[in-house]
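Summary of the model geometry
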Amino acid sequence: MAGSGPRASPRAGPGRTTVTEHAEGMLGWRLWRLRDGQLCSWAVTYEWKQGSNSATCLSPNTARCTHSPGRHCQCGFWALNSPLDCLARGRYDGIGWSPVMGLMRGWGTVALHGREGFRAQHASVVCLFSDWPFIPRAMRLGGKGWVRWWRILSLLLQGEAGPVPDQRERLGRLPETARAYGVPLVSIADSMRLGLLQELSVGTPALDEIRAWLKVAAE
Ligand SMILES: [Zn+2]
């Protein structure tokens, strides 16, 4: 479980949503679309601000939630508990943006989605990772402990991710983006080496996933 989550209900299983108040904040992994130095939400049209962001319901349904995150909705700022789950969702269609993975802190009303992650009323960017978000082929193809992950991730992947594009513009943009949001920009390897993830208390399961990803990604 990423983040502190002291009020996370132990009864919350996969697919079950539990709505709770979380004053001190939960940490979670997410992807942004980097567009002209701006961090944009992955699935909806929203430009993140530096510091605190407050959710409003952007549901296409006419009856939008009066308070976000709504219990029977998908609104709020999404974060995932598993960095591998997050990396597996990295996608790129080459149209004016590039993917960036990072950590966010979410607080206020929080809708917990079992072991998957959570949706928060308020959120801020905590740090950004310079790595291209992808799952190495060896990890996709399973074997040993990865069989379980492959089965889970293959459901999400819906096919092979495309080749990694030229990174120059993206890597050129990221430092100024991180500065504008007032957050650190690190490689995933450095975040481990420098103890940043440990300091942020991302939790042992996430650290284990990151170690495994680094090992396979380096091969
Ligand atoms: Zn909603």
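Just so it is clear, the structure is predicted and the values come from calculations on it, not from any experiment.

Now for unusual backbone geometry. Most peptide bonds adopt trans geometry, and most residues besides glycine take a negative phi value. With an omega of 10 degrees, the peptide bond running from Ser68 to Pro69 counts as cis. On the secondary structure map, Pro69 appears in the loop between strand E3 (53-54) and strand E4 (77-80). A positive phi angle is found at Asp36, which is not glycine, with a value near 50 degrees. Mapped onto the fold, Asp36 is located in the loop between strand E1 (17-35) and strand E2 (38-40). Its relative accessible area of 66% is what places Asp36 among the exposed residues. One non-glycine residue, Ser201, lies in positive phi territory at about 60 degrees. Looking at the secondary structure, you find Ser201 in the loop between helix H6 (196-199) and helix H7 (204-217).

With that settled, consider the coordination of the zinc ion. Within the protein, Cys57 (SG), Cys65 (SG), Cys73 (SG) and Cys75 (SG) serve as the donor atoms for the zinc ion, at 2.2 to 2.4 Å. Relative to the metal, the four donor atoms surrounding the zinc ion lie at angles of 105 to 115 degrees, and the coordination shape comes out tetrahedral. We note that the donor set of the zinc ion lies within a single chain, spaced as C-x7-C-x7-C-x1-C. With Cys65 in the loop between E3 and E4 and Cys75 in the loop between E3 and E4, this pair connects stretches of sequence that are 10 residues apart.

A few words now on the pairing of E1. Examined bridge by bridge, E1 and strand E5 (residues 98-113) share 15 bridges and lie antiparallel to one another. Its bridge partner lying in E5, Glu21 is registered against Thr109. One ladder, built from three bridges, connects E1 with E2; its direction is antiparallel. Across the sheet, the residue bridging to Arg33 is Cys40, located in E2. Hairpin geometry of E1 and E2 is characterised by an intervening segment of two residues between the two adjacent antiparallel strands and by a positive phi of about 50 degrees at Asp36.

We describe a pair of aromatic rings using the distance from one ring centre to the other and the angle between the two ring planes. Scanning all chains against the criterion turns up seven aromatic pairs. Ring centres 5.7 Å apart and planes at 15 degrees place the aromatic pair Trp29 and Phe129 in the stacked group. Of this pair, Trp29 sits in strand E1 while Phe129 sits in strand E6 (residues 117-129), and the two are 100 residues apart along the sequence. Across the pair, exposure class does not vary: Trp29 and Phe129 are buried alike. Aromatic rings pair up to connect Trp32, Tyr46, Trp48 and Phe77 into one cluster.

Moving on: the side chain of Asp131. Locating Asp131 in the fold gives a position in the loop between E6 and helix H2 (137-140). Buried charge without a salt bridge: Asp131, with Arg170 as the nearest opposite-charge side chain at an N-O distance of 7.0 Å. Sequence-distant contacts of Asp131, that is, excluding residues within four places in its chain, are made with Arg170, Val186, Ser187, Ile188 and Trp213.

Put simply, the protein has an average pLDDT of 84, and 81% of its residues get 70 or more. Scored below 50 in pLDDT, residues 1-14 makes 34 contacts in the model with residues more than four places away or belonging to other chains.

This next bit is on helix H4 (residues 168-181). The end-to-end C-alpha distance of H4, which contains 14 residues, comes to 21 Å, matching closely the 20 Å that a straight helix rising 1.5 Å per residue would cover. Taking the largest bend as the criterion, H4 deviates by roughly 30 degrees, centred on Leu174, and proline Pro175 comes between one and four positions later. Within H4, burial applies to Arg170, Leu174, Thr177, Ala178 and Tyr181. Looking at the packing, one finds that the buried side of H4 touches E1, E2, E5, E6 and strand E7 (185-186). Gly182 sits one or two positions beyond H4 and adopts a positive phi of about 70 degrees.

This paragraph deals with the pattern of salt bridges. Enumeration according to the criterion identifies five salt bridges in this entry. With its nearest N and O atoms 3.1 Å apart, the salt bridge here joins Asp85 to Arg89. On the basis of relative accessible area, Arg89 is assigned to the partly exposed category, the value being 28%. Its salt-bridge partner being Arg193, residue Asp190 comes within 2.8 Å of it at the nearest N-O pair. On the criterion of helical spacing, the pair formed by Asp190 and Arg193 is a turn pair, its members being three residues apart in helix H5 (residues 188-193).

Cut-offs and rules
Counting of residues starts from 1 at the beginning of each chain's written sequence and follows it residue by residue. Side-chain atom pairs in this predicted model are given and counted only at pLDDT of 80 or more, local residue features only at pLDDT of at least 70, and totals for whole chains, interfaces and linings cover all residues. Based on all heavy atoms of the structure, the side-chain values leave hydrogens and waters out of the count. Strands here mean DSSP runs of E at least two residues long; helices mean DSSP runs of H or I at least four residues long; both are numbered from the N terminus. Each residue is assigned to one of three classes by its accessible area relative to the maximum for its type, calculated with a 1.4 Å probe on protein chains only: buried under 20%, partly exposed between the two thresholds, exposed over 50%. Each metal site lists N, O and S donors within 2.8 Å (3.2 Å for Na, K and Ca). With water left out of the atoms, a site can look as if it is missing ligands. Four donors are marked tetrahedral only if all angles between them lie between 85 and 135 degrees, whereas four are marked square planar and six octahedral if opposite donors are more than 155 degrees apart and the other angles lie between 65 and 115; the remainder are marked irregular. We call two strands paired when DSSP finds no fewer than two bridges between them. Think of it this way: a Phe, Tyr or Trp ring, Trp meaning its six-membered ring, pairs with another when their centres are within 6.5 Å, and the plane angle makes it stacked under 30 degrees, edge-to-face over 60, tilted otherwise. Neither His nor the chain termini are counted; the positive set is Lys and Arg, and the negative set is Asp and Glu. Just to be clear on terms, a salt bridge is a Lys or Arg side-chain nitrogen sitting within 4 Å of an Asp or Glu carboxyl oxygen. Between two residues, a contact is recorded if the distance between any of their heavy atoms is within 4.5 Å. Summary of the metric used: pLDDT quantifies the predictor's per-residue confidence within the range 0 to 100. A helix's residues, less one, multiplied by 1.5 Å, set its expected span. Two axes enter the definition of the bend at a residue: one is fitted to the seven residues ending there, the other to the seven starting there, and the bend is the angle between them.

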